[in-house]
Amino acid sequence: MHETYSSVVAEVKEGQDVATVTEISSLGYGNQESKISYDKQRENGELPETVSTKSVEIIKNNECLQPVNESDDGCIDGRPTIEVLCVDKTGELTSSSVGDNTAHERAKVAGGGYMTSLAMQRALEEPNMTLDEDLGVVASKLTEKRIYCGAHSGAHSSTEACTTDCGANDKFQKILENGVGYRGSIAENVRGLLAVADIDFDNQVFNAVMDGWSKTLDNGAYFEGSTGDSRFTVIENSMKDAQEKSGSFERPVAVSKHLEGDHKESFIVLNYIEGKTFSQVQLAKNLAESFPDIDKKDLPQAFVVDVPRIVQLAEAMGAASTEDGRIRSDLEIKARTEKALYAGIAYQLATAATLTDGSLRNFVIK
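No experiment lies behind these values; they were computed from the predicted model shown. (Residues numbered from 1 in each chain as written. Predicted model: local features only at pLDDT ≥ 70, side-chain atom pairs only at ≥ 80, totals over all residues. Heavy atoms only, no water.)

1. What to know about the overall build of the protein
Looking only at helices and strands, the protein has 13 helices and 13 strands in total. Dimensions of the protein, computed from C-alpha atoms along their principal axes, come out at roughly 60 × 50 × 45 Å. When each of the 366 residues of the protein is scored for burial, the buried share is 55%. Taking the contacts inside the protein whose residues are at least 6 apart along the sequence as the reference set, 81% of them involve residues at least 24 apart. Accessible surface computed for the protein: about 15600 Å², of which carbon and sulfur atoms make up 48%. (Helix = DSSP H or I, 4+ residues; strand = E, 2+ residues; numbered from the N terminus. Buried < 20%, exposed > 50% of the residue type's maximum accessible area, 1.4 Å probe, protein only. Contact = heavy atoms within 4.5 Å. Areas by Shrake-Rupley, 256 points an atom, 1.4 Å probe, with all protein chains shown as cover.)

2. Some details on empty space enclosed by the protein
In total, this model carries three cavities of 30 Å³ or more according to the counting rule given. Approximately 140 Å³ is the volume found for the largest cavity. Lining of the largest cavity is provided by 16 residues; of these, Ile-76, Ile-268, Val-305, Gln-348 and Ala-352 occupy positions nearest its centre. For the lining of the largest cavity, the secondary structure elements donating two or more residues are strand E10 (265–271), strand E12 (301–306) and helix H13 (330–355). Ranked by the residues each element gives to the lining of the largest cavity, the list is headed by H13, at six residues. When its residues are assigned to classes, the lining of the largest cavity shows 13 nonpolar, three polar and no charged. As for the second largest cavity, its lining consists of Leu-193, Leu-270, Tyr-272, Val-305, Val-307, Ile-310, Ile-345 and Gln-348. Each residue belonging to the lining of the second largest cavity can be placed in one class, and the counts come to seven nonpolar, one polar and no charged. (1 Å grid on protein atoms, 1.4 Å probe; cavity = no way out; pocket = protein on both sides within 12 Å on 5 of 7 lines; lining within 4 Å. Points joined across faces, edges and corners; volume = space filled by probe spheres on them. Nonpolar A, V, L, I, M, F, W, Y, C, P; charged D, E, K, R; others polar.)

3. Quick notes on the side chain of Asn-169
For Asn-169, the location among the structural elements is in helix H5 (residues 167–170). Using a relative accessible area of 3% as the deciding quantity, one classes Asn-169 as buried.

4. Describing the layout of surface pockets
Here the largest pocket is characterised by a volume of approximately 900 Å³. As for the largest pocket, its lining consists of 38 residues, of which Gly-78, Arg-79, Pro-80, Thr-81 and Ala-284 are closest to the centre. Among the secondary structure elements, those contributing two or more residues to the lining of the largest pocket are strand E5 (81–87), strand E8 (151–154), strand E9 (255–259), helix H11 (280–290) and E12. A per-element tally of the lining of the largest pocket places H11 first, with six residues.

5. Here we look at the packing of aromatic side chains
Taken as a whole and judged by the stated rule, the model has eight aromatic pairs. Ring geometry for Phe-172 and Tyr-347: centres 5.8 Å apart, planes at 50 degrees, overall tilted. Separated by 175 residues along the polypeptide, Phe-172 in helix H6 (residues 172–181) and Tyr-347 in helix H13 bring together distant segments of the chain. A single burial state applies to Phe-172 and to Tyr-347, both of which are buried. Here the aromatic rings of Tyr-222 and Phe-223 are separated by 5.1 Å at their centres, their planes lie at 90 degrees, and the arrangement is edge-to-face. Each of the two residues, Tyr-222 as well as Phe-223, counts as buried. Through a chain of ring-to-ring contacts, three or more aromatic side chains come together here, namely Tyr-38, Phe-267 and Phe-363. (Phe/Tyr/Trp six-rings, centres within 6.5 Å; stacked < 30°, edge-to-face > 60°.)

6. Considering the pattern of salt bridges
Tallied over the entire structure, the rule returns 21 salt bridges. Two residues, Glu-57 and Lys-54, come together in a salt bridge whose shortest N-O distance is 3.1 Å. With Glu-57 and Lys-54 both in helix H2 (residues 49–60) and three residues apart, this pair spans about one turn of that helix. Here Glu-57 falls in the partly exposed class, since its relative accessible area comes to 35%. Here Glu-126 ties to Lys-215 by a salt bridge, and the two come within 3.4 Å at their closest N and O atoms. Here the residue Glu-126 occupies a position in the loop between helix H3 (113–124) and helix H4 (131–144), and Lys-215 occupies one in helix H8 (residues 203–217), the gap between them amounting to 89 residues. For Glu-126, a relative accessible area of 56% corresponds to the exposed category. Via salt bridges that share partners, Glu-125, Arg-326, Arg-328, Glu-332 and Arg-336 belong to a single interconnected network. (Salt bridge = Lys/Arg side-chain N within 4 Å of Asp/Glu carboxyl O.)

7. Remarks on the pairing of E12
Across the six residues that make up E12, a large majority, six, are buried. Because side chains alternate across E12, one face comprises the buried residues Gln-301, Phe-303 and Val-305, and the other comprises Ala-302, Val-304 and Asp-306, equally buried. By the bridge criterion, six bridges tie E10 to E12 in an arrangement that is parallel. By the bridge assignment, Asn-271 is partnered in E12 with Asp-306. (Pairing = 2+ DSSP bridges.)

8. What about the sheet that holds E8?
A sheet is described by the order of its strands in space; here four strands give the open sequence E6-E5-E9-E8, paired in mixed fashion. Lying at the two open borders of the sheet, with one neighbouring strand each, are strand E6 (93–97) and E8. On average, adjacent strands in this sheet sit at an angle of 25 degrees to one another, irrespective of strand direction. Sitting on the sheet, helix H10 (residues 228–246) touches E5, E6, E8 and E9, and the angle it makes with E5 is about 55 degrees. (Axes fitted to C-alpha atoms, helices over the stretch in contact; angles between N-to-C directions.)

9. Remarks on the packing of helix H7 (residues 183–196) against H13
The interhelical angle for the contact between H7 and H13, taken along N-to-C directions, is 120 degrees, at an axis separation of 10 Å. Relative to H13, the crossing made by H7 is right-handed. Note on element contacts: H13 touches H7 through Leu-341, Tyr-342, Ile-345, Ala-346, Leu-349 and Ala-350, opposite Ile-186, Asn-189, Val-190, Leu-193 and Leu-194. (Left-handed = near helix turned anticlockwise from the far one by under 90°.)

This is the structure we're talking about:
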């Protein structure tokens, strides 16, 4: 993913800043049985050349780069939202339908911030509790830092393989396994993605992340009884706890989305610009306008990863309080934050390798 082969510079609509969009190499590894595949979409006619070309043009022209206007985050999933679940003024979780979702732009990471941060925690400390308990602790640590995260369910939930229809949640154990299994390739990808931000790669730190994931996988008791559904319940309870601790019920601090339809992701967009995100809603609108004769459900989608959110989560996990209340030194916080950052980036890559066949076209916005 670190090898670049084309780039274009375009003005950002909201200001005078300039954003550079660079296409980078596809992963080249992943789940070869997955239907989330650029190559398969092209081969079977699902993604016509004209639609692919127009999609790339939209991505490169920064037509979808929008300001983040919600403080919580969401998942990278490219499918449209039809309902949101949030804490209402009575303190209970309430679901409501969504019409136009244009006004709500959130940062996006695999599974939402709680799941990505759980992958960080699995690199930072050896497991001494169950997965569900661990996830609850991670959410509490983020709430202490006033960082609130979302999640999602989907149209394919309740199947044996996808109890929530969020792959980054349902397949958490498999993603860690693939992270370790593809560690050589992922190491090179992490190296390249850090280089975009002018950060030198430290192989020792990366190996420590993989060692942490390996130790987690070797602990069978950690995963016992945990499912996508049970983890989703932990997230729901964490949203309620976060709302209460925020001190106000006037406005939800986080939402969980319910997504519609099948996966049609053909692209992965990695955004490095602070305060911005690539709007999947805007991509869908622009493509619908360009191809009015094609059913909207058949148009391509994009996974979106916002790197600044990974950094924010890593800083929070790095500085998180200890169980015994000990104050961490600056040196310890720095080392933990670096390891958490590597783990957060690796989790995005391992998720892509689990949910896709590795052929999606990838773009970096910086």
